[in-house]
Amino acid sequence: MLVTDELVMAQRLAGVSAIFRPGEVTAICGPNGAGKSTLLACMAGLLTPDEGSVSLDAAPLSSLAPSERARLIGFLPQTPEVAWDLTVETLVALGRLPWRASPEADAAAVYAAIEAMDLAELRHRVVTSLSGGERARALVARVLAGSPRWLLADEPLANLDLGHQLALLGTLRKQARAQGLGVVLVLHDLAQAMNFADRVLVLTEGRVLADGPPEVALATKVIAQGWGVKARWLGEAGAKALATTG
């Protein structure tokens, strides 16, 4: 389990506590400035909270060697950058750096990640020549190639068209179910969170407003309180749409 206990960061988080379980897809939602990206960065060990702690399987995250943490946690920031003119295949292969596996194991992991993100036809293209959506998929594939136990992604649906949004969410949910991958995503699309997440954590002003199954955490009264928007859910479970009324 990945546990955050009473995390406090000045003007960003205020006593946030949560337990994240492997095999689940958790969506972190909330209005702009709610502390979503800060929480995710603390969970990845990239930010140190002023107070509180993050632990992984009862071990403080700060006690893990960077190489071990990199094998356990795959992190995709909100605005990732590619500094060199790498091919897609080379970029994805960078996800294997924390490992000392055989060439065969590395190649298999890279191939699987490329296939999962529908990048086979682009594998020899230079990343900087890709569209924003294609580049986003390549960056997700790099994280998947690392075979992490936890995947933390900050707005991974940005720049993806609807088809690839659904494909990515379906792939992550499948890996959570089949391989026990713990998936934590920052999402702004509440309908996608409702339809794909096992659990939703809603933040507002650095505090937890709601935490539970999507139908509970994203109830219309929570949306009204957190976003100041009147809304209602339409459709059936797994295919719901959000209609706003002002």
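Residues numbered from 1 in each chain as written. Predicted model: local features only at pLDDT ≥ 70, side-chain atom pairs only at ≥ 80, totals over all residues. Heavy atoms only, no water.

Enquirer: How would you sum up the overall build of the chain? Please name residues and give values.
Expert: From N to C terminus, the chain includes nine helices and 12 strands. Computed over C-alpha atoms, the radius of gyration of the chain comes to 18 Å, within 12% of the 18 Å expected from 2.2 N^0.38 for 246 residues, which places it in the range of a compact globule. On the principal axes, the C-alpha backbone points of the chain span a range of 50 × 40 × 30 Å. Every one of the 246 residues in the chain was classed for burial, and the buried ones make up 46%. Here the analysis covers contacts within the chain between residues at least 6 apart in sequence; of these, 64% occur between residues at least 24 apart. A total accessible area of about 11800 Å² is found for the chain, and carbon and sulfur atoms account for 52% of it. Here the chain contributes 22 positive and 25 negative side-chain charges, whose respective centroids are spaced 2 Å apart. (Helix = DSSP H or I, 4+ residues; strand = E, 2+ residues; numbered from the N terminus. Rg over C-alpha atoms; globule rule 2.2 N^0.38 Å. Buried < 20%, exposed > 50% of the residue type's maximum accessible area, 1.4 Å probe, protein only. Contact = heavy atoms within 4.5 Å. Areas by Shrake-Rupley, 256 points an atom, 1.4 Å probe, with all protein chains shown as cover. Lys, Arg positive; Asp, Glu negative; His and termini not counted. Charge placed at Lys NZ, Arg CZ, Asp CG, Glu CD.)

Enquirer: Please give an account of the sheet that holds strand S10 (residues 207-212) that cites residues and values.
Expert: In space, the six strands of this open sheet follow the order S6-S7-S8-S3-S9-S10, with mixed pairing throughout. The sheet terminates laterally at strand S6 (73-76) and S10, the two strands that pair on one side only. When the angles between neighbouring strand axes are averaged without regard to direction, this sheet yields 15 degrees. Bridging between S6 and strand S7 (residues 150-154) involves four bridges; their strand directions are parallel. Residue pairing in the sheet places Leu-76 in a bridge with Ala-153 of S7. (Pairing = 2+ DSSP bridges. Axes fitted to C-alpha atoms, helices over the stretch in contact; angles between N-to-C directions.)

Enquirer: So what's going on with the environment of Leu-61? Which residues, and what values?
Expert: Secondary-structure assignment places Leu-61 in the loop between strand S5 (59-60) and helix H2 (66-72). The exposure class assigned to Leu-61 is buried, which follows from its relative accessible area of 3%. Each C-alpha atom of the pair Leu-61 and Leu-187 lies 24 Å from the other, and the pair is 126 residues apart in sequence. Those residues in contact with Leu-61 that sit more than four places away from it in its chain are Cys-42, Met-43, Ala-44, Gly-45, Val-54, Ser-55, Leu-56, Arg-69 and Ile-73.

Enquirer: I'd like to hear about the packing of aromatic side chains, residue by residue, with values.
Expert: Under the criterion given, the structure shown has zero aromatic pairs. The aromatic ring of Phe-20 is capped on one face by Arg-199, whose charged end is 4.9 Å from the ring centroid. (Phe/Tyr/Trp six-rings, centres within 6.5 Å; stacked < 30°, edge-to-face > 60°. Lys NZ or Arg CZ within 6 Å of the ring centre and 35° of its normal.)

Enquirer: Describe the sheet that holds strand S1 (residues 2-9), with residues and values.
Expert: Read from one edge of the open sheet, four strands run S2-S1-S4-S5, paired in antiparallel fashion. Looking at which strands have only one partner, the edges of the open sheet turn out to be strand S2 (13-20) and S5. Relative to S2, S1 runs antiparallel, the two sharing six bridges. Following the sheet pairing, Thr-4 is matched in S2 by Ala-18. Strands in contact with helix H1 (residues 36-43) are S1, S2 and strand S4 (51-56); relative to S1, the strand with the most contacts, it is inclined by about 125 degrees.

Enquirer: Describe unusual backbone geometry, naming the residues involved and giving the relevant values.
Expert: You will see that Ser-147, though not glycine, has its phi angle at about 50 degrees, which is positive. Locating Ser-147 in the fold gives a position in the loop between helix H5 (132-145) and S7. You can call Ser-147 partly exposed: its relative accessible area is 39%. Positive phi is not limited to glycine here, since Glu-205 has a value of about 55 degrees. By secondary structure assignment, the location of Glu-205 is in the loop between strand S9 (199-204) and S10. Judged by its relative accessible area of 72%, Glu-205 is exposed.

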